[in-house]
Amino acid sequence: MTPPKSPDTSPNSPSGPGPDSSPSPWSDLERPPLNAGSLRRALIRPGGLWTVLDVLPSTGSTNTDLAARAVDDAEGAVLIAEEQTSGRGRLERTWTAPARSGIFFSVLLKPSEVPAERWGWLPLLAGVATATGLSRAAGVDTALKWPNDLLVTVDGEERKAGGILAERAGAGDEAGVVLGIGVNVTLAAGELPVPGAGSLALAGAQVTDRDPLLRSVLRSLEEWYGEWRAADGDPSACRLLEAYTAGCATLGRRVRAELPGERTVVGEATALDTDGRLVIATEGGGREAVGAGDVVHLRAE
Ligand SMILES: Nc1ncnc2c1ncn2[C@@H]1O[C@H](COP(=O)(O)OP(=O)(O)OP(=O)(O)O)[C@@H](O)[C@H]1O
Ligand SMILES: O=C(O)CCCC[C@@H]1SC[C@@H]2NC(=O)N[C@@H]21
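Described in the following lines is the structure provided in the data block. Because the structure is predicted, anything quoted here is derived from the model rather than measured.

### Some details on the overall build of the protein chain
Across its full length, the protein chain carries 5 helices and 12 strands. Here the C-alpha atoms of the protein chain give a radius of gyration of 19 Å, agreeing with the 19 Å that 2.2 N^0.38 yields for 301 residues. Across its three principal axes, the protein chain shows a C-alpha extent of roughly 55 × 50 × 35 Å. When contacts within the protein chain are restricted to residue pairs at least 6 apart in sequence, those whose partners lie at least 24 apart make up 64%. By element, 50% of the accessible surface of the protein chain is carried by carbon and sulfur atoms, the whole surface being about 13,400 Å².

### A few points about the site of ligand 2
In the neighbourhood of ligand 2, 20 residues make up the surrounding shell, with Ser 61, Gln 84, Arg 88, Arg 90 and Lys 160 lying closest. Within the side chain of Ser 61, an N or O atom sits 2.7 Å from an oxygen atom of ligand 2. Here an oxygen atom of ligand 2 and a backbone polar atom of Arg 88 are 2.8 Å apart. Burial of ligand 2 by the protein chains amounts to 97% of its free accessible area of 410 Å². The biggest single contributor to the shell around ligand 2 is strand β6 (residues 157-169), with 4 residues. Here the shell around ligand 2 is composed, by residue class, of 5 nonpolar, 11 polar and 4 charged.

### Some thoughts on the site of ligand 1
Taken together, 16 residues sit near ligand 1, with Arg 93, Lys 145, Lys 160, Asn 184 and His 297 positioned nearest. Taking Thr 96, its main chain carries an N or O atom lying 2.9 Å from a nitrogen atom of ligand 1. Here an oxygen atom of ligand 1 and a side-chain polar atom of Asn 148 are 3.3 Å apart. Summarising the interface, the protein chains cover 87% of the accessible area of ligand 1, which totals 630 Å² for the free molecule. With 3 residues, the single largest contributor to the shell around ligand 1 is strand β12 (residues 297-300). For the shell around ligand 1, the residue count by class is 5 nonpolar, 5 polar and 6 charged.

### Things to note about the sheet that holds strand β11 (residues 287-290)
As summarised here, the arrangement of the 5 strands in space is β11-β10-β9-β8-β12, forming an open sheet in which the pairing is antiparallel. The open sheet has two free edges, formed respectively by β11 and β12, since each of these has just one partner strand. On average, each strand axis in the sheet is inclined to that of its neighbour by 40 degrees, with strand direction left out of account. Sheet analysis places strand β9 (residues 263-272) next to strand β10 (residues 278-282), joined by 5 bridges and oriented antiparallel. Paired with Glu 268 across the two strands is Ala 281, which belongs to β10.

### A closer look at the pairing of β9
Pairing of strand β8 (residues 254-259) with β9, which is carried by 6 bridges, proceeds in the antiparallel orientation. Within β9, the position partnered with Leu 259 by the bridge is Arg 263. Between the antiparallel neighbours β8 and β9 lie 3 residues, among them Gly 261 with a positive phi of about 75 degrees. Remark: 5 residues form the turn of the hairpin made by β9 and β10, two consecutive strands paired antiparallel; Gly 276 in that turn has positive phi of roughly 85 degrees.

### Concerning the nonpolar core
General note: in soluble globular proteins, nonpolar side chains tend to be found buried as a group. Formed by 66 residues in total, the largest nonpolar core has its most connected members in Phe 105, Trp 146 and Trp 228. The residue makeup of this core includes at least three contributed by each of domain 1 (36-245) and domain 2 (251-297). Filtering out sequence-adjacent residues up to four positions away, Trp 228 remains in contact with Pro 111, Val 114, Arg 118, Trp 119, Trp 121, Leu 122, Leu 125, Gly 233, Asp 234, Cys 238 and Leu 240. The next biggest cluster of nonpolar side chains, apart from the first, holds 9 residues, and it includes Leu 56, Leu 79, Ala 169 and Val 178.

### As for unusual backbone geometry
As a rule of thumb, non-glycine residues mostly have phi less than zero, and peptide bonds are mostly trans rather than cis. In this model, Trp 146 is joined to Pro 147 through a cis peptide bond whose omega is 0 degrees. Structurally, Pro 147 is set in the loop between β4 (143-145) and β5 (149-154). Its identity as a non-glycine residue notwithstanding, Arg 239 has a phi of 65 degrees, on the positive side. Checked against the element boundaries, Arg 239 lands in the loop between α4 (211-230) and α5 (240-247).

The rules behind the values
Residues numbered from 1 in each chain as written. Chains lettered and ligands numbered in written order. Predicted model: local features only at pLDDT ≥ 70, side-chain atom pairs only at ≥ 80, totals over all residues. Heavy atoms only, no water. Helix = DSSP H or I, 4+ residues; strand = E, 2+ residues; numbered from the N terminus. Rg over C-alpha atoms; globule rule 2.2 N^0.38 Å. Contact = heavy atoms within 4.5 Å. Areas by Shrake-Rupley, 256 points an atom, 1.4 Å probe, with all protein chains shown as cover. Near = heavy atom within 4 Å. Polar contact = N/O pair within 3.5 Å; in protein donor to acceptor, adjacent residues only side chain to side chain. Nonpolar A, V, L, I, M, F, W, Y, C, P; charged D, E, K, R; others polar. Pairing = 2+ DSSP bridges. Axes fitted to C-alpha atoms, helices over the stretch in contact; angles between N-to-C directions. Core = buried A, V, L, I, M, F, W, Y, C linked by side-chain atoms within 4.5 Å. Buried < 20%, exposed > 50% of the residue type's maximum accessible area, 1.4 Å probe, protein only. Domains from an automatic or database assignment.

Right, here's the structure in full:
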């Protein structure tokens, strides 16, 4: 089912009170809830990675919730929310996640045998896996904006429709990473939280049932994670570096990386190095690699 087309004079019309205050143009019937039972049944298989802990009607942030229980939970724990009231992005920025408008979830991974310096690949791996899963389930093309954004094209313009937040959690033998993934699915034009945001629906995907999307992204994440782990976290050996490079819209573009202390690096983004840092060929003929943890903003020039 698709959202109502303009002109729509109903009180719920996206052309109603304005971008920030307009209620959803979707009815509850068109935005069915996630089905926890079917998600569990689909994801549980012998030797499989995932355990769906819960599908919460609302929570602050699935990353915060899962991090709080990271020592006690086994790897593969998945926490899903229909809505987040304090969703977070990188550097404690806000991630807006209105009820039933997208897929919002966190997974707990504990790749204890992979050298910890390679764990920085996990958010990039999650980007590749999410793009693969969305493409399989909804036929929608997404591009990766280094380091943690998922872009869709809406009317010829790139817009952010998703993001990934990776946070270290637990300690000692139970150390791990909470990977949080958020994708705007049904958000309509009048509901966009910030300029430059987009959604799968706005990119032309005919998706209202979010269960298949979630299943597909989690399956793809399990596949990529399995390959990466089997390769001891070496992104070249498991073709992660190749896949990220192929899907990355940042490479080949002129960018401005804003670093702490008002330092900037400007030039062409040419490659990712083996640590997942973005290599920028600067105007003076040099090359500088910037890490995801250091970049405050990365803008296309
Ligand atoms: N549902 C959403 N859809 C799209 N964008 C969102 C959503 N919620 C919040 N945002 C934007 O995402 C930002 C958080 O993401 P992040 O920390 O990756 O910053 P960014 O602006 O994407 O980074 P950069 O400047 O490097 O592109 C928020 O500051 C906000 O601008
Ligand atoms: O764009 C970003 O900076 C990252 C956004 C990450 C959003 C997801 S939604 C599920 C999980 N819980 C959060 O609070 N954030 C992540």
